[in-house]
Amino acid sequence: MKDSCILVVDDDPTNFEVIETLLERQSYQLHYASDGESALAVLATVNPDLILLDIMMPGINGVETCKAIRSQPQWSTVPIIMVTALDNTLVLSHCLTAGANDFITKPINSIELQARVRSMLRIKQQYDDIQNLSVLQSNTISFLQGTLDELRGNLARSLSHELNTPLNGIIGTLSL
């Protein structure tokens, strides 16, 4: 199984270092983007399994970045945990409305961060497993449909031959 990839988006590199330190015992691939524009630009190359997204950033803030990520269908299932120093219910509500799955407040607690990251990655893995099973099921149904169509064709040809053989005998006998 591949190591999970986490994209950390924060305008303060110190916060990335803190997260890196708190998650160092896990075998995650950590990638860093310093703002919303950079995060959107590297999504396809990083292909994250989880995004840790700061709310307060210059340029595109975290809520707008979250909305932009969610507007792209290929990223709609990647869990997003908003990271914030704010403890405001209205702001957190905006985050969830924008498409965030969870949030964590600064200063970041190591145990809480690890638990939330594991939880979101487990949810992502379950979603991926369901998608893979769905594709497998669809491929199996297509294969079986093709096999069934082939059997129908063979049966129709065989029946035609089986019906013609006795009829030819009867017609031959009648003509005598």
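Residues numbered from 1 in each chain as written. Predicted model: local features only at pLDDT ≥ 70, side-chain atom pairs only at ≥ 80, totals over all residues. Heavy atoms only, no water.

S.K.: Account for the side chain of Asp54, with residues named and values stated.
M.R.: As for its placement among the helices and strands, Asp54 is situated in strand β3 (residues 50–54). For Asp54, the side chain forms a polar contact with the side chain of Lys106, separated by 3.2 Å. Among residues more than four places away in sequence, those in contact with Asp54 are Val9, Asp10, Asp11, Gly62, Val83, Thr84 and Lys106. (Helix = DSSP H or I, 4+ residues; strand = E, 2+ residues; numbered from the N terminus. Polar contact = N/O pair within 3.5 Å; in protein donor to acceptor, adjacent residues only side chain to side chain. Contact = heavy atoms within 4.5 Å.)

S.K.: Describe the environment of Leu40, naming the residues involved and giving the relevant values.
M.R.: Inspection of the secondary structure assignment puts Leu40 in helix α2 (residues 36–46). On the basis of relative accessibility, which here comes to 25%, the residue Leu40 falls in the partly exposed class. Distance from Leu40 to Val9, taken between C-alpha atoms, is 9.9 Å for residues 31 residues apart in sequence. When neighbours within four sequence positions are excluded, Leu40 is seen to be in contact with Ile60, Thr65, Ala68, Ile69 and Gln72. (Buried < 20%, exposed > 50% of the residue type's maximum accessible area, 1.4 Å probe, protein only.)

S.K.: Can you tell me about the packing of helix α3 (residues 62–70) against helix α4 (residues 89–98), naming the residues and giving the values?
M.R.: The contact between α3 and α4 brings their axes to 8 Å, and the two run at 15 degrees. On the basis of their axis angle, the class for α3 and α4 is roughly parallel. Considering only the axes of α3 and α4, their crossing is right-handed. The segment α3 lies against α4, with Val63, Cys66, Lys67 and Arg70 engaging His94, Cys95 and Ala98. (Axes fitted to C-alpha atoms, helices over the stretch in contact; angles between N-to-C directions. Parallel < 35°, antiparallel > 145°, perpendicular 65-115°, else oblique. Left-handed = near helix turned anticlockwise from the far one by under 90°.)

S.K.: Quick rundown of unusual backbone geometry? Include the residues and the values.
M.R.: In this structure, the amide linkage connecting Lys106 to the following residue, Pro107, adopts the cis form with an omega of -5 degrees. Along the chain, Pro107 turns up in the loop between β5 (102–105) and α5 (110–175). Look at Asn47: it is not a glycine, yet its phi comes out positive at around 50 degrees. Mapping Asn47 onto the fold places it in the loop between α2 and β3.

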